[in-house]
Structure formats: C-alpha cells, structure tokens
Amino acid sequence: MPADERFAVRRESARASVSRPLAAAPAPAGVPLPPGLALRGRLATGARRPETPRGSGRGGSGRGGSGSRTPRSGRGGGPRRAFERARRAWDRPLTAYYVILGSSLLITVLGLVMVYSASMIKALDISKPATYFFGKQFLAAVIGGGLMLIAARMPVKLHRGLAYPILMVTVFLMVLVQVPGIGMSVNGNQNWLYLGGPFQLQPSEFGKLALILWGADLLARKQDKRLLTQWKHMLVPLVPVAFMLLGLIMLGGDMGTAIILTAILFGLLWLAGAPTRLFAGVLGFAAVLAFLLIWTSPNRMSRLSCMGIVGEPDPEAGCWQAAHGIYALASGGWFGSGLGASVEKWGQLPEPHTDFIFAITGEELGLAGTLSVLALFAALGYAGIRVAGRTEDPFVRYAAGGVTTWITAQAVINIGAVLGLLPIAGVPLPLFSYGGSALLPTMFAVGLMIAFAREDPAAKAALAMRRPGVRWKTMRRRVKKRSSGER
C-alpha cells in the first residue's frame, strides 16, 4: 500500500476514535479518567448532574459555589418593598389628578352628611323642616359640581381670559353690598346680597377666587417679560388691588375673610420669589393693621381672649361657643357617639352646622372621624403643591399655589379656632361647612386644579391611552401582520 493511502487510513481511524463517546466504552477498572474527558463523556451520553437542593450550596446557605453567604432577611424587605411601590405609585402622572378629585369629593360628601346631622335641631328650632339646611347645601353642591366639571374641562387660556371679568364683577358686587337697602347684615357683618326667597350671596367669597386668577395672570405676564426682579413690578398693581379688596371686606366687618385674602396675597408673593425683607415689611404692616382693628372692636377682643379657655364659661361672656366646641370634641372619644347623637347641637353650640361643624364631627364620629377629615385636607393640599411644583407654566404655578394656600389656610384657621388654638375668625371649613356662597367658588377652584393636573404632558398622554378608541388603535398598531398561510 502506498504511503499516502496508509496516512489517510490512519487519519480516518483517529477521527473515528475521537468522535466516539467515551462513556460508551467503560474505562478499565482502577484507571480514572481525566476530569475533562469525564465531563465530555457525561455530556455526550446525556447524563445530568445530580440536583442540589436549594440552600445546600455554598456552605448550605446560598445557591451553589464555594464560600458562605448570609441570606437576606425578610424583616426589612416587606416594608421597604411596600414603600417603593407607594413611591412609584405616587410618582405616576395621574396621581395628583385622582387625589384632588377623590379627596375633594369625599370632603364634600362627608360635609353633606354632617350638615344634615348638625342642622336638624337648628332647622326645627326656627320652625323649618329638618332637611331645610341640608336641601340648600345639596342644591349648592349640585351647582358647584357643575362648576367644577366646567372648570376642569376648560383650557388654561380660557381661565386666564376670565381673570379680569371675574375681578370686575366681584368688585362691583362688593361695592353693591355697602349700598343701603341692597346689602344685608348677618351676625353683625354687612357682606350679603339678598337674591330672593331663602337665597343670599356673599360676594367676598368670590373675591378669593378673583384675586387668585387675576394675580396669577398678572405675575405670569410680568415673569414672561422678566420684570419680577424689580420690587415695583412685583408689588404694583398686585398689592394695591388686594388692599382694595381688603378694604371693601373690612367695611362689612368680615375680618375672617380678610385674613384668608391676606394669606392668598402672601402665597402669590412667595411664589413670585419675593425677598425676605419684603415679606417682613408687608407682614409687619398687616400685623399692625390687624392689631388696630382688633383693639378697636370689643367683639374681636372677646374672641381673642377665648383662646385656650378652660372651665365652665359664662353664658353672658363671649367664650360660650369656644368652650362648648371643646366639650363636643372631648365627649366624642375614639369613635364618637354616632351620627345624629350629638348633645351640643341641641342649643348649647350656637353655630353647629357652619363655623363649628368640625366640633360636631368630633362628637359624633370621634377622633377617627376628625383625623379622616384632616387626612383628606392634607392629601388635597399636598396634591396642589405637587401640581404647582411640577408645571412649567407660570400661570398654572401661581394659580395652583394660590388655590392651595386658600384651602389649607382656611382649613387651619377654622380647625384651630375649634380646638382653641386660634381666635374664632368666623370662616367656614372649605367644602365641608354649610354655606353655598363659600361652596361654589371653592368647588370651581378645585376644578381649576383638576384642569391644571390634566394639562401636564405626561398626564395628557396617560389620559389619552385610557380612552377605549385610542387603546384599541394602539393595540392594532402593535399587532404584526401575518401571512395568509400562517395560523
């Protein structure tokens, strides 16, 4: 045989020996295979490694390998994961939209229930049906719900266009209140207009909304022109117009509404970036003016002296209402005496369904009910701050900040007066107390914040994806076209 043929035969036999599985031919007894060849033989014959039970690898504490590893403890994992989920849920685009809508509606509905419970005895005392005050409040809530829906659907440009008309109409009505024979006096305050029948209107409540819309539009236009770095452009004409509204309100003797209007003014100035010296000057002037107004009024002085009153009050003194508000809260306990079971509303507490409805809530629903109301207001305020902080539109920032300042400041003043921590200012609890004149502009303001939350680009995209038609079209775009023979 030629040498070339012998070399080819040897090469083919060598290839055949290498490709044949090693495990097919058992190794001689007592001769161990090299590790590499043994592994190759097991892979070739399809043998599997024996499964190691979980937790037996790496020293019995891990998943396999050498060394020891301590398993993660489950104690901190659960709360941490829950916190991360809550944080991610709060960072979603539509969170502020749902929180504002849900918390405001819950406050309004709970307020209707408490108005009915707190006003039944008052209505019967004036020879009216038990549902007299509840019917009026329910009608105002229905109208306010329509206003909230309209405001939530209106574009931001239309809100800015309504700023000047609302301000002029409000100023005209506030001037009309001071005309003898047209304006009405209620509880010593000349700030009401008679509309016919059982209906009255308090124009000063709409002054809060007018100042917010007009002030936000003014500051936004000045910011676009980069004029807010100068004091004169920051103060004029915002502060003079606000003082004009304050003067018209104080002519009627309504200091509580004047305090809320001052808080709104400070909120707008703070959002505009007013320096600390300016705040100190304006706040000092407002404090001196408030002191003079309180010092010259015996009624306001008596309210100021009722802060933190303890003991049995004198019926002739001015602290009767403050003391019985504390009694109502103290008798509620953890879960209250039940709806309709209040004792203080039987003539002991003078204003159970308006300024001191929070006291009746504490008496009938207990600490759990009052904390629920506080949590709803806190959620509404925080969502408003989020809307104001995440927008790029200066008008939206100023308006959302002004509305949040209005609602939170009024809630703090009302609840602080009921708790005896602040003087009785005579302001209702927003969205909760009885009063259609206060409920209508407040619900419109809530609709304003809902519209601002919807205007966020991420929220717009999320809302567009939730529409059935858009979602169906998007799903159709994602499905790949199949060939005619594919099933």
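Owing to the predicted nature of the structure, the values given are computational and were not obtained by experimental measurement. Residues take numbers from 1 onward in each chain, read along the sequence in its written order. In keeping with the predicted nature of the model, local features appear solely for residues at pLDDT of at least 70, side-chain atom pairs appear and are counted solely at 80 or more, and the whole-chain, interface and lining totals rest on all residues. By convention in this description, side-chain values take in all heavy atoms of the structure and omit both hydrogens and water.

Enquirer: How would you summarise the nonpolar core if you had to cite specific residues and measurements?
Expert: Here, the term nonpolar core denotes a set of buried Ala, Val, Leu, Ile, Met, Phe, Trp, Tyr and Cys residues that are joined through side-chain atoms within 4.5 Å. Each residue is placed in one exposure class: buried if its accessible area under a 1.4 Å probe, protein chains only, is under 20% of its type's maximum, exposed if it is over 50%, and partly exposed if it falls in between. Judged by nonpolar contacts, the single largest core of 105 residues is most densely connected at I100, L238, F395, Y398 and F452. Counting residues per element, this core draws most heavily on helix 17 (residues 394-418), which supplies 13 residues. Contact criterion: two residues are considered in contact whenever any of their non-hydrogen atoms come within 4.5 Å of each other. Once you skip the residues sitting within four places of it in the chain, I100 turns out to touch L380, A383, V387, V446, M449 and I450. Helix numbering and strand numbering both begin at the N terminus, where a helix is a DSSP run of H or I of at least 4 residues and a strand a DSSP run of E of at least 2.

Enquirer: Would you mind going over unusual backbone geometry in detail, with residue names and values included?
Expert: Most peptide bonds adopt trans geometry, and most residues besides glycine take a negative phi value. Note that the residue after V236, namely P237, is joined by a cis bond; omega there is 5 degrees. Residue placement: P237 occurs in the loop between helix 10 (231-235) and helix 11 (238-251). Phi at R226 is positive, roughly 55 degrees, even though this residue is not glycine. Inspection of the secondary structure puts R226 in the loop between helix 9 (203-224) and helix 10. One non-glycine residue, L431, lies in positive phi territory at about 65 degrees. Topologically, L431 is positioned in the loop between helix 17 and helix 18 (436-454).

Enquirer: Can you tell me about a positive patch on the surface, naming the residues and giving the values?
Expert: Candidates for patches are residues over 30% relative accessible area with no salt bridge; among them, like charges are joined within 9 Å and nonpolar side chains (Val, Leu, Ile, Met, Phe, Trp, Tyr) within 5 Å. Note on areas: Shrake-Rupley with a 1.4 Å probe; residue coverage comes only from the protein chains shown. Salt bridge, as used here: a side-chain nitrogen of Lys or Arg that lies within 4 Å of a carboxyl oxygen of Asp or Glu. When charges are counted, neither His nor the chain ends are considered; positive counts come from Lys and Arg and negative counts from Asp and Glu. Taken as the charge centre is NZ of Lys, CZ of Arg, CG of Asp or CD of Glu, depending on the residue. Judged by side-chain charge, R80, R81, R85, R88, R92 and R466 come together as a positively charged surface patch. Inspection of the secondary structure assignment puts R80 in helix 4 (residues 77-90).

Enquirer: Give me the sheet that holds strand 2 (residues 189-196): which residues, what numbers.
Expert: The antiparallel open sheet is built from three strands, whose spatial order is 1-2-3. Both edges of this open sheet fall to strand 1 (183-186) and strand 3 (199-201), since each of them pairs with a single strand only. On average, each strand axis in the sheet is tilted by 50 degrees relative to the strand beside it, whichever way the strands run. At least two DSSP bridges between two strands are required for those strands to pair. Here strand 1 pairs with strand 2 via four bridges, running antiparallel. Within the sheet, the bridge partner assigned to S185 lies in strand 2 and is Q190. Every angle, taken between N-to-C directions, lies between 0 and 180 degrees, and every axis is a line fitted to C-alpha atoms, over only the stretch in contact when it is a helix.

Enquirer: So what's going on with the pattern of salt bridges? Which residues, and what values?
Expert: Under the definition given, this model contains eight salt bridges. With a shortest N-O distance of 2.9 Å, E205 and K208 are connected by a salt bridge. One end of the pair is E205 and the other is K208, both in helix 9 and three residues apart, which spans about a single turn. Here E205 and K208 have matching classes, each one buried. A salt bridge links E364 to K345, with the nearest nitrogen and oxygen atoms 3.3 Å apart. Here E364 is found in helix 16 (residues 357-390), whereas its partner K345 is found in the loop between helix 15 (320-330) and helix 16, with 19 residues between them in sequence. Like K345, E364 is buried.

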